[in-house]
Amino acid sequence: MRPGYPSSGKNQPSFSLKLKGLFLVLFSLAILSISPCLLLADIIPPEKHLGFQPGQDFKLANWSQITGYFRLLDEASDRVKVIELGKTTLNRPLIMAFITAEENLADLEKYRKIQERLHDPRGLSPEEKARLIKEGKAIVYISCSIHSTEIAASQMSMELAYRLASDNSPEIKNILSQVILLLVPSANPDGIDLVSDWYYRTLGTPFEASPMPWLYHYYTGHDNNRDWFMLTQKETQLMARVLYREWFPLLVYDVHQMGSTGPRLFLPPYQDPINPNLDPLLLRELYQLTGEAVISLTREGKTGVATNTIFDGWYNTANRAAPLRHNALGILSEAASANLASPIFLKPSDIRVSGGGNDIQSTYLEPWPGGWWRLRDIVEYEQTVALSFLRTIAGKKEKFLENYCLFAERQINKGLNEPPYAYLVPEEQKDLPTALKLLKVIQKNGAEVHQATRPFKADGLDYPAGTYVVLLAQPYRAFVKDLLESKAYPLPPGRDPAQYLPYDEASWTLPLQMGVRVIEVNEKFEASLKLLQPISLPESRLAGGGKYFIVDSSCNNSLVLANRLLKNRLPAGYIDRQVSAGNKTYRAGSLVIERGRVDEARLRSLSRGLGLTIDSLDSVGQARIQPLKEYRLAIYQPWTASMDEGWTRWVLEQFEFDFKVLHNAEIRAGQLEKSYTHLILPALSSRVILEGRRKGEVPPEYAGGLGTEGVSALNSFVQNGGVLIAVENAADFAIEYFGLPLKNITEPRRQSRTETEPAPAQGDRVRVYSPGSILKVTVDGSRPEAFGYDQEAAIFSYFSPVFEMTKPEAQGPAVKVYNLAWYPAYNPLLSGILLNGEKLQHKSAAVACEVGRGKVVLLGFDAIHRAQSHGSFKFLFNPIIYR
C-alpha cells in the first residue's frame, strides 16, 4: 500500500471497484464478439508516423523513424514481416521486410526452398522443374540508399511498403500473390543518420546540405557499393548472404541517385562495353523489364528518362553488377538529385545528357522541361519504377522463374562444354593464408570450391591431392570466371582515350591483386574431388626444435604476428637478408623469435587464427637479426571525406596495426615527432592536402587544409626521424614540399578519384592510359620497404604516379633515393588496358627517400585498393614494421 492512501481495513473491494470489475467483464465480452481483424492496429500511412510526407521539402526521416515505421507495419499488417539481418558497422539494426500475401508469408521457408532448388537445377527433372515453377513465387529484392546522400529511396521505401500493405486493388493483390518482396529500406543505416543529422545541422544556414566532413560509411564512404564481391564490410556480408546463399532473388533492384544536372532518371539498357561473361538472354529480359518501367513513367508524365548511357555493362563491384554474374536481373536506377531535401531550380540549358544538351536523343526521347526539382519528385519516380517491376514480374511469374532457372542451366552447360573448365589453386603458395582468403571470397558469394582427394592431371600437368579446384560447371560460373580471369578491356569504338573512362575501373582480377597463384584449365579433365564447406584459416603450425622460430616474410599474416609480439612487448626480430636452410629459403624480413625468450605455448597463442607455418632453425647463417621496434602510427584524415583514408583505416585494423587519426589542426600544431614515428598521407591531391574545403563551402571549423604551417610541421617530423608514407596522388605533395629529387612523369586523369574536376595542366607530363588496370613491377626485395617480395609483384594503377630522378642541378638538399619497385622494359599490362605504356619502361613505381634523420616513402599506386590488393599490402605495412 502506497503511503497516504487509506486501506479498506479488510482488504475487500469497495462497491465502486465491484462496478468497475463488472464493466470490464461486459466490455471484454463485447470485444470478443468483434471480428478479430478489427483488433489489429491500424495500418497508418508514413506521414502519420513521421509528421510529414516522405520526400517533403526540408524534411528527412532518420533511421530510427524508418525502422519504427516498418515495425508498425509488421504489427499492423498480415502482409509484412520485418527481420533484423544483423548489426551495421556502427551497431545499428540492418532490417529487411518481407512483403507478400498473407498465405505466402505463413509459408516463407517453402518458397525459399523452391527458389534455392531453381537457382541450382543440377539433377532436376523436367517434371519437377515445371512443378516448382508453377508452385514457386518470384523473389524480388529492392535495396535502397546504400549511398546515404542518395537518400530519396530510403524515404520512398516507407510509401512503397504502405501501398503494398494497405492497397486492396486487383493489381496489388496480384503482386502480393505472385511475388515475395525483400525490401531493404537502406543498405547503409549508419549513413542515413549521419546524413540526416548533418542536413538538419546545416538547414537554414549558409552551409545548407553542404558536403559532410566525414564518410557516410565509417570505412568506405561511396565505395560501400564497390564491395560486392570482396564483401569486407558487415553490411555487404549480411546482404550477400541473403542474395546468394539464402533467398536467391531473380531481380535485384538497386535504387540510386546521381548529380543534379543530368537526366531526371537513368534506367538500363547499360551502355558499352558489355562484359562478355554476362548472359545475353538475361540482359534481354532485363531490358524488357526496364522498358516496361520507362513506359510506366511516360504514361504518368514523368519526363527526362535516359537509357543506354552513362552506366556501362562492364564492371563487377556494385550491387547492380554482381547479381548479373549470379543469374539475377541486376538493375540500377539513378535519379537526378535535389540538394538532399532542399529543392533546386534548373533551366533547360542546365541539363546535359550523353555529352549533349537537353535535346531529344535516341537515349533520351522526352527531355525534362526544367523547373523546380524536389526530393518528392525523386520519391515518385522511384516508386513508379519499383511498382512497374513488381507488376510486370507478377503478370508473368512463371516465365520469369523459368528463365531464372534457364540462366543457371546455360552457365552449367557452358562450364561443361567450353573452356575454361576449372581454376586450380595449389596449396603450394607464397602466402597460403591469402590464397585461402581468395577461396573464402568465392564461397561467400555462393560459388562452390572443391579439393582434390587424390593426385590428378590437368592440361598435361600433374597436381597433388589437396589442390583446390573451382569448377566452372556450376550456376555461378559467370561470377567465378569474371573474378579470376585476366581482362582485356575493350575501348568502345570511336572513344577518345583522352576523354573516355570506364565507368569505374578496367580490371579487378583477384588472383593478380591478391598475389595468389591460380591456374586456368582449358581441357576437360577428371579428378576425385570433395565439395568444401566454408573454409577457415587453419591453426598455425609450429615445427622443429631449433634455437629460433622463424616465419617467412612472404606471408601477410606474419605482420599480424609482428604486431601481436610488439603489443605484448615480447622480444622478437627479423633477418636482414635471405637465409637458406635445408630445402627452404626464408626471405629478408622473416620474423625470428628466440625459443628461450618466448616459449612455444605463448607463440601458439599469439599465432592463433593466422594459418602461419612457423619453422625452427638452429642458425640464421650470415644474416643479422634486427630487433622489432615499437612504432607510433598516425594517419591523416582530411575534412573532405576521403574513401582512400577510410579503406586504409580498415585494412590497418584487420592486420592489427594500432594508429591514431590526425586532422588539420593537430598536424599544424607541430612537434609530431614527439608523439609519432610514422604518418600516412592517403591518396589525396596536393590541393586537398594544402587547402581542403574552401572557406564558405562548409562550416568554418571544417574549412582549409594543412597550409604552410602543416607543411612545416611535416618537414620537421621527417627531419627529426619520422617516416612519412605518401600514397598514390599524395606523392606529388611530398615531392614538391620535401624538395625530393624526383618528378612524377604521368598526367593524372583527375586530381583524385574523389574529385570530379579535371586535373590542371601538368607541363611536360605524359599521358598514360591506365584506368584501373593491373600492372607488373620489378621489386628489390632486399630493401626493408619491400621485404617479403620476390622479383616481381602486381600493382593496381588508376592513372597512378610514376617517378623518375630529376637532373642533379634540379635537386634540393642531399636526399638519398632508393628504388623499391619499377616498371620492366616490356609491356607491364597484366589485366585491363594500358595505352602509351612504353613511357613507363624502367620508371619507378615506389621509392624510399632518406631525408635528414627520417624517410619519405612514395607509393605510386593504390597499395590497398578497396581491400582487394593483398599482394601489395606489404608496400604499406613494411615501412612501419621494418626500420
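Residues numbered from 1 in each chain as written. Predicted model: local features only at pLDDT ≥ 70, side-chain atom pairs only at ≥ 80, totals over all residues. Heavy atoms only, no water.

Novice: What's the story with the confidence of the model for the protein chain in this structure? I'm lost.
Specialist: Detailed reading of predicted coordinates is not advised where the pLDDT is low. Residues of the protein chain with pLDDT of at least 70 account for 93%, and the chain-wide mean is 93. Below pLDDT 50 for its whole length, residues 1-40 participates in five contacts with residues either more than four positions away or in separate chains. Counting contacts from residues 751-761, a segment whose pLDDT is below 50, to residues more than four positions away or on other chains yields 27 contacts. (pLDDT = per-residue confidence, 0-100. Contact = heavy atoms within 4.5 Å.)

Novice: Help me understand the pattern of salt bridges, please; the structure alone is not making it clear to me.
Specialist: Pairing between side chains becomes possible if they bear opposite charge and their charged atoms approach one another. Per the stated rule, a full pass over the model turns up 51 salt bridges. Measuring nitrogen to oxygen at the nearest pair gives 2.9 Å for the salt bridge that ties Arg131 to Glu135. One end of the pair, Arg131, and the other, Glu135, are both in helix H6 (residues 126-135), four residues apart, so they sit about a helical turn from each other. Take Arg131: its relative accessible area is 35%, and that puts it in the partly exposed class. Between Arg201 and Glu701 there is a salt bridge, with the nearest N and O atoms lying 3.2 Å from each other. Taken together, the positions of Arg201 in helix H9 (residues 189-202) and Glu701 in the loop between helix H21 (686-691) and helix H22 (707-719) put the pair 500 residues apart, joining distant regions of the chain. Salt bridges sharing partners connect three or more residues here, namely Asp223, Arg226, Asp504, Glu505 and Arg866. (Salt bridge = Lys/Arg side-chain N within 4 Å of Asp/Glu carboxyl O. Helix = DSSP H or I, 4+ residues; strand = E, 2+ residues; numbered from the N terminus. Buried < 20%, exposed > 50% of the residue type's maximum accessible area, 1.4 Å probe, protein only.)

Novice: I tried to follow the packing of H6 against helix H13 (residues 397-417) on my own but got confused; where do I start?
Specialist: H13 packs onto H6 with a crossing angle of 135° between their chain directions and a minimal axis gap of 8 Å. In terms of orientation, H6 and H13 fall into the oblique class. Relative to H13, the crossing made by H6 is right-handed. Touching Lys129, Ile133, Lys134 and Glu135 of H6 are Lys397, Glu398, Leu401, Glu402, Cys405 and Glu409, all from H13. (Axes fitted to C-alpha atoms, helices over the stretch in contact; angles between N-to-C directions. Parallel < 35°, antiparallel > 145°, perpendicular 65-115°, else oblique. Left-handed = near helix turned anticlockwise from the far one by under 90°.)

Novice: Please explain the sheet that holds strand E8 (residues 305-307) as it appears in this structure.
Specialist: Sheets are built from strands that pair by backbone hydrogen bonding, the pairs being arranged parallel or antiparallel. Read across the open sheet, the eight strands follow the order E1-E2-E4-E3-E5-E10-E6-E8; overall the sheet is mixed. The open sheet has two edge strands with one neighbour each: strand E1 (80-87) and E8. For this sheet, the mean angle separating the axes of adjacent strands, direction not counted, is 20°. As judged from the five bridges shared by strand E3 (residues 138-144) and strand E5 (residues 251-258), these two strands associate in the parallel manner. The residue of E5 that forms the bridge with Ile142 is Tyr253. Where helix H8 (residues 170-178) meets the sheet, its contacts fall on strand E2 (93-99), E3 and strand E4 (179-184), and the angle it forms with E4 comes to roughly 90°. Across the sheet, helix H12 (residues 375-395) touches E3, E4, E5, strand E6 (265-267), E8 and strand E10 (329-336), and the angle it forms with E5 is around 165°. (Pairing = 2+ DSSP bridges.)

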